[in-house]
Structure formats: structure tokens, C-alpha cells
Amino acid sequence: MTDSVDTAGNDRFISVCDVTKRFGDFTAVDGVSLNIGKGELFALLGSSGCGKTTLLRMLAGFEQPSSGTILIDGQDMAGIPPYHRPVNMMFQSYALFPHMSVARNIGYGLKHERMTRAERDDRVAAMLELVQLKDYARRAPHQLSGGQRQRVALARALAKQPKLLLLDEPLGALDKKLREQTQFELANIQYETGITFVVVTHDQEEAMTLASRIAIMDRGSIRQTDTPRRVYEFPASRFVASFIGSVNLFAAELVRNDGDFAEVAVPELGTTIRALRRGALTGRGRLTCAFRPEKVLMTRAKPDSTVNPMTGVVLDFGYFGKDSLYRITLPTGTLVRVNATNDLRGGDDETLATWEDEVFLSIDPAAIMLFEDEA
Amino acid sequence: MKPAAWFDRRGWSDVIIGVPYAWAIAFVLVPIGIIAALSFAEPVMNSPPYMFPKAWPHLSFGSYERLLSDSVYVRSFGVSLLNASIATVLCLLIGYPMALGLTRVSKAANRVLLMLIVLPFWTSFLLRVYAWIGLMGNNSWFNRLLTGLYNSIVPQAWHLGSIQIMYTNFAVIFVVVYSYLPFMILPLYANLEKLDRTLEEAAMDLGSRPYRVFLDVTLPQSIPGIIAGGLLVFIPTAGELVIPGLVGNMSDPMIGAVISEEFGLNHDWPMAAAISVVLLMVLVVPLMVYTRYQSRAQAGGSA
Amino acid sequence: MRRVSPFLITMMVLGYAYLYVPIISLVVFSFNKSRLVTVWGGFSTVWYARLFENSQILDAAWLSLRLALISATVATILGTMAGIALVRLGRFRGRTLLSGLFTTPLVMPEVLTGVSTLMLFLLTAKWIGWPSRRGFSTLLVAHITFSMTYVTTVITSRLSSMDASIEEAALDLGSAPWQVLRDITLPVISPAILSGWLLAFTISLDDVVITSFTNGPGYNTLPMLVWAKVRLGVTPDINALGSLIVAVVAAGVTVSSIVITRAERRRQRDIAAALAEGT
């Protein structure tokens, strides 16, 4: 990010500077740089093998970077083992100590703090209160359900009030309903405690709903770091656009630049698309034209005037209640995915397009995304 | 070498590695080394009863030459390996159905039956061998029972007063299989018990009859258990000396008895050492299989 | 539950008969009044009484017990250390050798272990004076050596299948490695350590071959005594001894089985209760 705060100011509370990690001749993390602000809920998003877990482990201290520096609150973490770092982690498998009660699990790390017995007990009680497990202090881990175990793991990681809390796939093991509930609980707890959270996940939805900023990782590098909204609406590359949400992607060729706009020829769509330009286009390299399914306006009646008009026939669709996902076949044979909200209440024939209906599509130039890769 | 993941190099890890290491070197490696070295010495009427040749290279191959040329030794090796093989196969033939049955009975029955296998395993080995000696004697009730059965099947001319079981090679194999059967059953059971039953169900669903399901699905997956059990029977049996000494035919000794005799009776240390080395080398092949299988199993477990 | 085929049932019946006929016969004839083990002379417990008067047997039993207790304990300590070293301490120099040294005695015939260890003692007696006589100390060393390899097998198996992330969690929460060992690793594997100890104890108590090579005159362990007597023939007091041992082991196995089953059942109930409770 573009700031020049020298010392451990608020936006550079956690600072990863050009960190690389190699295992033999395999590079897991390749020159990654990140700045995370104090009190942020930050997400590292990527599919398995992208290096996010390795980066997490380097923050925790279980791996040392092959090169580069990690600073936490201005302090260089090089050579500092996990038990001397102001960092705590909530493990994916929860890793509760099976031979200790809930209370002893939570209080385990407090033994190393300078606290009296009474202070420790108070802190444990406060943590139990925070995760709503007040009556479970004496239970053993195997006597808890999955959701309860997760809360104990969270309480245990928060007990020492670390500068940084790492969460490894926190919602992965939960079922859908529990996941929603826990998402909000996690966000609340983070807000209440003000502790900097870094969440590692492969689940887009998890990252997008939890985090204030996301970094998308692929094969050891960060592809984009931004707020969820900006990552979704203004992806920096073709990769990010197709990684987050769904998207229609087509090869394009620059026809001409027209002030704030660009006109590109998209053979697959059989037409020229007019797009609001958001950066320089050189015309060299591979150009991709993209737009998200929900940005397409679809009507059954021919509209009077439209921008970027196309016609097509409904091939099939999935009805999800709140919206429908259509696949439209264009005259060129290309399939376009369109997402239409069911904002009108009514029966099938009245409001929704159905199989083999002819439909009219149009897209706002501001909604068109253009990506240029090197040749 | 890259430092261990999260232990300090100094202090505790050195102690944890060092102490057992030192003990193992002193009392496992060095003795083997001594045996290996002694096999290249010559026997003398002295104390200690060995001597390395004065001339360079101070190595004598005399013991090895005698070992390989004298039919007594070669035969003894042959008998030992043959007995070990037969015993292993028999243990497998008897033990596999038992282990398989254990996986199929009800939970309550399984607990009891498993206990009944474990019980002989923990009971004194010698006493169990001894128990069979009592039964195999020519005058025991067991022998009379068998003889009676035999006589009832067989024509008058072939009738026997009693069946000579003791001091035969048959007795050795019989008692060996008896003693080592739990060592075959337990690893096999551990393996079979962990198998995914739904694979068998899938095979049946696709049309295979039970015996085919066994051959195609169960048996191939139980091979690690067969190897483990097989090694646990074969290797000790090859070097057995208690059982052959008690119930076997001592004029046709197994190699364990030969080693003991060369060492204790003949005071021929180099010869005993040489035989030991050859036995070790013969067994080293299955030994390597065992070690590599163990480490692969460990790596698989902690991956 | 699949029905068990008749073939399997037959094999199991035959197999269990094979295992138990001699043991049952042993127990039955231990109550035989007659000296002969081939003919039934009436019920009597005289041989049990004689057993407790036989000082030779009692001394041997006491020696075996002491030997087993001490060697099992030391073997468990050494074996656990080796297990931890092999599984948790990564790739240190000489790891392969350590692994090999701790596997070799398991797969070597006992006669080889016995002969090689005896030769070591004889030679060190010559070179450095120890052991001047073979006796308790040499027996102890030999027993510890082969027992510890069994313990290591049990420990490595348990360590490999354990969730190692709890150790990382402990590190993360501020414990130095030795504290993790003390607070987390050892307590969690303690059942395995106990099993290892029991295994080492039983093996030591029962050992014949290696003991025969490494003991000294006058150091008769119980198996040595029995072996000597058995070579002379089957006698009823050994029957009684055998039956006693069978009884003790049976009791031990039964009790532990019940304890384990109960604990397991309680655990399952707890888990089910937690699930039923909901989130």
C-alpha cells in the first residue's frame, strides 16, 4: 500500500517485506510483501498449494523465511521462535489438549504471563464469557461439539491478548448454518477486542464476508490486495476476476481509444463492446473483455435504446429462489452467463424468461472489465 | 544439516537423542561388530579362544571355508530355513482365517475372542511349549487319543501302540506354529480391522461373489499385515534353539543350536561368529524389507 | 453385520482349540494327585502347596521379578527417548543408524543377540575389567537392551498417529520445547508408555535364550529354572507353576480389557451427548 509511515504506525502494524520461502527447489512463497494495519481483520485467500498456509506459519514462527523480513509492531521476528512471539494461532483442527479441561486449555498460555493465580482465573472466566461457554469450564474436549471446540480454541488463542491472532481456515469444519452464525460472532469478537486478525482460507465467501481487506494468493505470490468490494468490482487481473465470484471472459481486440472510453472487438460475442476505460491500454499483449453475470440487463421485450446490445436464446437456467442463473446462447454460439434477480413476484410465465425464449441483453460500459496481459 | 523443526539444537534434544544412541551403540552395534570381526579370526586353545593371523591382512577365512564346505552346516541352514518357511506358511494358513473371523463376529464376541488370542501372547512362552511336551509324550492322554483315532481308521496291519511325536522335526514345526501363531494373528488382525468395509460392499454390489470379493479386495489390502506377521514368525523361527532343543531331533539340528554348540561346547568362537554372520546376512533381506516397510508406515502416518 | 461363514467358524474353533488344549490340560493336571502327568490320580492341590515351599523356585521368581521391574523401567525411559527422537526431532545426523539399531534386535533371532552380547561382556571383562563376573548387572544390561526396542516400537507408533498440532499449539501459547514435552507430549502418550512398560516387563520376565547366554552361575531366573527342569521331563510342580502364571496373566488381561472397554464406552457416550446438545 502507498504510505510512508516509518515506524510501526497504524497501517504497518504487521509488515511482511519481500518474504520468500523455499523448500528444496520448490518455492512456496515468492517475494511477498504485505502491510496489515492494527485492528484489521485481514484475509489471505487462495486455493490449496498457493502458499497462504506457509505464510501463516512464518508469521506464527513455525517456519523461518528463506529471505525477507517480518515485522510485528516494529519488531523484527527473525530467529524468534513461536513461544516468544506476541502472536497466537487458532488451528484448523482446533488442537485442543485432550487431557485438559476447557478451563485449563484456555489458561495454558497464561502460565507464562506475569499474572497471579486470581488474575489468571479471571482472564479465563472472561474468555469463557466472550465465547459464550461460561458453563463449560470443566468439560473435556471430547465432551464438546465441533462448534464448541472451535470456540474454546478461539478463547485459548485470545487469552493472552496477542498483538496478532492467526486463524487457519476457521470456518472450514462447520456446517452451513453454523458457519453463518460463527462468521458474525468472529467479526464481533474481533471488533470488541480490537486485536489484529489474519484469516487464512480457501473459501471466498468466508474471506469476503469477514475481512476488511483481502490478499489473493496464487502460486506463492500475491495477485491483489484490496477491500472485498474492490477485489470483486475492480479485479486487477484476469486471474483475480475469475477467482472471485463468477465472470464471463472473452478474448478481445482493441479497435480504438475514444477519450474515457475504449472500443474493443469481441469475436465470441459477435459485436464491438464499448467500455469505460480505467487504465492505459497499449494494444499490445493479450486483451480480455469481462463482465459479471449480474451486471447484464436481460429483457424479453426489445428495449428502445441500449448500450452494448446483444440478443440470444435461453439455453438453460438454474432457479435459486432469490435469483436465477441463466445461460444464454448468442448467435455466435457463445454461452453468456446472466444472473437475474427475481424482484417481481409472480408465476413462471409472467415474469421469468424460460427455455428457448428470445432475450435481449445489454451491459453498461462502466461494468465492462478489460485486462491486458503481456504477450 | 537443517536444524530440527522447533527444538533447540543445544540441551534437551541432544540428551534425548544422545542417551539412547550411546546405549544402542554400546550394546547393539558393538556386539554385532565384535561378532563380525571374530568371524575372521582363528580358533585356538587359549583364553580367549581366538586369534587373528599374524600376517597381514590379519584376516582368516578359515571359518567361512569350513562353514560353506561342511555339509553339516549347510544342511543345518537348510533345515532351519525350511522349517521357518513351513512354519510361516502354516501360521498364515491357520492365522488368516482366525484374524478374518475376528473382524466379522459381533463386538462382544470380538472382545472376548481377542482376549483369548492375547492371553497366550502374554503367557510365558516356555510354559506353553512345556504344555505341549506333556501332551506329545507317548503315554499322554492326547497321544492315546490320537493313536486311537489313527488305529480306528487304518487297517490292522498298520496299527501302532503310540504315535512318536516327540523328538521329531514334525514336533518342532508343530510347537513353533503353536508358539508363534499369535504373532501372525495380531498384525493381520490389526491390518484387516482397519480396512474399509464399504469397498467389499461395492464389490458385491458390482456382482462379485464372496470368495471373489475376498481375493480381489480383502486379500490384496491385507498384504502389509501378511508381511509383518510373516516376518515376525520367520525370522525368530530360523534362529530358534529352545523348541528344537526340547522337542526336536538333535541329530539334525537347527542353526541356532549349532551356534550355541560351537560357542559353548566347542569353544570355537570364530566359527560361531561366522555362522552368526551368515545367518544375519541370510535374514538381512527380510530384515530390510521389514525396516523399509516400518519407515514407510511411519512416514505415511505422520504425513 | 456380515454373517460369519461356516468355514471361518470352523477354522476359528480349530485354531482356538490348538491354542488352548495344552493350556487347559496343564491346568487340569496341576490338580492331579498322582505324580504322573499322564494318568489322573484324583484331585489335589498338593503341588501348589509344594510350590510355595520350594525355595529354589521362590528365589528364582524373586530374581525374575526384580530384573523385570528394573529393566522394564529403564527400557521404557530409553525407549521413549528414542521414540521421541525418531519421530519428533526431525532429520538429525545419524538418524538412520539410530532407527536401524532400534529395529535390529527386534528382528534378529535371539540366539544372535545372546551370543553377541556375551562376547561383548567377555571381551570387555578382559579389556577394562568390567564385568568381572556375569550376574545381575549383565542380565540387566541385556534385558534393557532388547526390551527398549519393543518400547520404541510402541511409542513411535503412538507418536506418529497423534495429532502433532497440539504440540505446535502449546509452542504458540508460549511453552518452550521441553515444557511442551512435559505438559503435552508425555501426558498424551502416557497410555502408550504404560503399554510399553508392560510389554518390556513381560518380555523380561519370560526371556530364556538371551538370559541363558548372559547370566552367571547361581543367577537362575524363573525361566532358566523351568527350562532346566523341563529338559529332564514334565513334572507336576511345573504344572502348578504354569497354571498360576496363566491365572495371573488371565486376570490381568481380563481386568485391563474391562477397564479399557468401560472407558471407551464412557467416551462414546460423552461424544454422543455433546453432538446431541447441538452447537
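Everything numeric here is computed off the predicted structure, so don't read it as measured data.

### A look at the overall build of chain A
Inference 1: For chain A, the count of helices and strands is nine helices and 20 strands.
Inference 2: Of all 375 residues assigned to chain A, the portion counted as buried reaches 39%.
Inference 3: Put simply, of all contacts in chain A between residues at least 6 apart along the chain, 64% involve residues at least 24 apart.

### Remarks on the overall build of chain B
Inference 1: Along chain B, the regular secondary structure elements total 13 helices and two strands.
Inference 2: Its C-alpha atoms give chain B a radius of gyration of 25 Å, more than 25% over the compact-globule value 19 Å for 303 residues.
Inference 3: For chain B, the spread of C-alpha atoms along the three principal axes comes to 75 × 70 × 35 Å.
Inference 4: For chain B, contacts bridging at least 24 residues in sequence account for 68% of all contacts bridging at least 6.

### Description of the interface of chain C and chain A
Inference 1: Every contact between the two is made by 22 residues of chain C and, on the other side, 22 residues of chain A.
Inference 2: Broken down by secondary-structure element, the contributors of at least two residues to the side of chain C that touches chain A are α7 (165-172), α8 (177-206) and α11 (236-277) of chain C.
Inference 3: A breakdown of the residues in the side of chain C that touches chain A according to their chemical character gives 11 nonpolar, five polar and six charged.

### A short note on helix α10 (residues 222-232) of chain C
Inference 1: All of the buried residues in α10(C) are C:L222, C:P223, C:L225, C:V226, C:W227 and C:V230.
Inference 2: Packed against the buried residues of α10(C) are α5 (125-136) and α11 (242-247) of chain B together with α3 (55-88), α8, α9 (209-214) and α11 of chain C.

### So, the interface of chain C and chain B
Interface size, as often reported, equals the accessible area lost upon joining of the parts.
Inference 1: Contacts between the two partners involve 78 residues from chain C and, on the opposite side, 82 residues from chain B.
Inference 2: Looking at the side of chain C that touches chain B, the elements that each hand over two or more residues are α1 (6-30), α3, α4 (95-107), α5 (110-128), α6 (136-161), α8, α10 and α11 of chain C.
Inference 3: Broken down by element, the residue count for the side of chain C that touches chain B peaks at 13 residues, all from α1(C).
Inference 4: Here the residues of the side of chain C that touches chain B are counted per class, giving 52 nonpolar, 19 polar and seven charged.

### So, the nonpolar core
Inference 1: B:V129 and C:V115 are the most contacted members of the largest nonpolar core, which has 149 residues in total.
Inference 2: Excluding its chain neighbours within four sequence positions, the residues that come into contact with C:V115 are B:I35, B:I259, B:F263, B:A272, B:S276 and C:F213.
Inference 3: Counting residues in each nonpolar core, the second largest holds 108 residues, with A:F91, A:L144, A:Y326 and C:I166 among its members.

### A few points about the domain arrangement of chain A
Inference 1: What the domain assignment reports for chain A is domain 1 (10-240) and domain 2 (246-373).
Inference 2: The gap between the C-alpha centroids of domain 1 of chain A and domain 2 of chain A is 39 Å.

### Quick look at the sheet that holds strand β15 (residues 296-299) of chain A
Residue and element names in this part refer to chain A.
Inference 1: Across the sheet, which stays open at both edges, the five strands sit in the order β15-β19-β16-β17-β18 with antiparallel pairing between neighbours. Looking at the sheet topology across the chains shown, the edges are occupied by β15 and β18 (335-341). In this sheet, neighbouring strand axes are inclined to one another by 45° on average, regardless of whether the strands run parallel or antiparallel.
Inference 2: Note that strand β17 (residues 323-329) and β18 share seven bridges and pair antiparallel.

### Thoughts on the pairing of β17(A)
Residues and elements named next belong to chain A.
Inference 1: Two strands pair when backbone bridges link them, and strand β16 (residues 309-319) and β17 are joined in this way by six bridges, in the antiparallel orientation. Opposite V314, over in β17, you have I328 as the bridge partner.
Inference 2: Count of turn residues in the β16/β17 antiparallel hairpin: three residues, of which G321 carries a positive phi of about 85°.
Inference 3: Count of turn residues in the β17/β18 antiparallel hairpin: five residues, of which G333 carries a positive phi of about 95°.

### Describing unusual backbone geometry
Inference 1: In this structure, C:P131 follows C:W130 across a cis peptide bond, with omega equal to -10°.
Inference 2: You can see C:P131 is positioned in the loop between α5 and α6.
Inference 3: A positive phi angle is found at A:N308, which is not glycine, with a value near 50°.
Inference 4: When you line up the elements, A:N308 lands in the loop between β15 and β16.
Inference 5: Its 21 C-beta neighbours within 10 Å are what place A:N308 among the buried residues.

### Description of the environment of B:F183
Inference 1: Within the secondary structure, B:F183 is located in helix α7 (residues 169-193).
Inference 2: With 58 residues separating them in the primary sequence, B:F183 and B:L241 have C-alpha atoms 18 Å apart.

### Focus on the confidence of the model for chain B
Residue and element names in this part refer to chain B.
Inference 1: This prediction gives chain B a mean pLDDT of 85; 92% of its residues lie at or above 70.
Inference 2: Within chain B, no element has a lower average pLDDT than helix α13 (residues 269-302), which sits at 76, and none a higher one than helix α3 (residues 71-104), at 93.
Inference 3: Of the regions scoring below 50 in pLDDT, residues 1-7 engages in 16 contacts with residues more than four places distant in sequence or in other chains.
Inference 4: For this predicted complex, the interface confidence comes out at an ipTM of 0.88, alongside a pTM of 0.86.

### Thoughts on the packing of α5(B) against α11(C)
The packing of two helices is summarised by the inter-axis angle and the distance between the axes.
Inference 1: Look at α5(B) against α11(C): their axes get within 10 Å of each other, and the N-to-C directions meet at 130°. Overall, the two elements α5(B) and α11(C) adopt an arrangement that is oblique. Classified by chirality, the crossing of α11(C) by α5(B) is left-handed. Here B:L127, B:Y130 and B:A131 of α5(B) lie close against α11(C), whose contacting residues are C:I238, C:G242 and C:I245.
Inference 2: A per-class count over the contact of α5(B) with α11(C) returns five nonpolar, one polar and no charged.

### Some remarks on the confidence of the model for chain A
Any region with low pLDDT has predicted coordinates that should not be read closely.
Inference 1: Confidence along chain A averages 90 in pLDDT terms, with 95% of residues attaining 70 or more.
Inference 2: pLDDT under 50 marks residues 1-8 of chain A. Its contacts with residues more than four places away, or in other chains, come to nine contacts.

### Some points on the sheet that holds strand β5 (residues 75-76) of chain A
All names here are of chain A.
Inference 1: As summarised here, the arrangement of the four strands in space is β2-β1-β4-β5, forming an open sheet in which the pairing is antiparallel. The sheet is open, and its two borders are formed by β2 (26-36) and β5, each paired with just one other strand.
Inference 2: As defined by bridge partners, strand β4 (residues 67-72) adjoins β5 across two bridges and the pair is classed as antiparallel. Across the sheet, L71 pairs through a bridge with D76, a residue of β5.

### A few points about the environment of B:A26
Residue and element names in this part refer to chain B.
Inference 1: Its place among the elements puts A26 in helix α1 (residues 12-38).
Inference 2: Exposure remark for A26: the 14 C-beta atoms within 10 Å place this residue in the partly exposed category.
Inference 3: C-alpha separation for the pair A26 and A190, spaced 164 residues apart in sequence, amounts to 34 Å.

### Remarks on the pairing of strand β10 (residues 221-226) of chain A
Residues and elements named next belong to chain A.
Inference 1: Pairing of strand β9 (residues 213-218) with β10 involves five bridges; the strand directions are antiparallel. Looking at the pairing, M217 lines up with I222 of β10.
Inference 2: Adjacent in sequence and paired antiparallel, β9 and β10 are bridged by two residues, among which R219 carries a positive phi angle near 50°.

### Quick look at the environment of C:V208
Inference 1: Here C:V208 lies in the loop between α8 and α9.
Inference 2: Distance in space between the C-alpha atoms of C:V208 and C:D183 is 39 Å, their sequence separation being 25 residues.
Inference 3: Look past the residues within four positions of C:V208 in its chain and what remains in contact with it is B:L126, B:V242, C:P223 and C:W227.

Conventions and cut-offs
- Residues numbered from 1 in each chain as written.
- Chains lettered and ligands numbered in written order.
- Predicted model: local features only at pLDDT ≥ 70, side-chain atom pairs only at ≥ 80, totals over all residues.
- Helix = DSSP H or I, 4+ residues; strand = E, 2+ residues; numbered from the N terminus.
- Buried ≥ 20, exposed ≤ 12 C-beta atoms within 10 Å, placed from the backbone.
- Contact = placed C-beta atoms within 7 Å.
- Rg over C-alpha atoms; globule rule 2.2 N^0.38 Å.
- Nonpolar A, V, L, I, M, F, W, Y, C, P; charged D, E, K, R; others polar.
- Core = buried A, V, L, I, M, F, W, Y, C linked by C-beta atoms within 7 Å.
- Domains from an automatic or database assignment.
- Pairing = 2+ DSSP bridges.
- Axes fitted to C-alpha atoms, helices over the stretch in contact; angles between N-to-C directions.
- pLDDT = per-residue confidence, 0-100.
- Parallel < 35°, antiparallel > 145°, perpendicular 65-115°, else oblique.
- Left-handed = near helix turned anticlockwise from the far one by under 90°.

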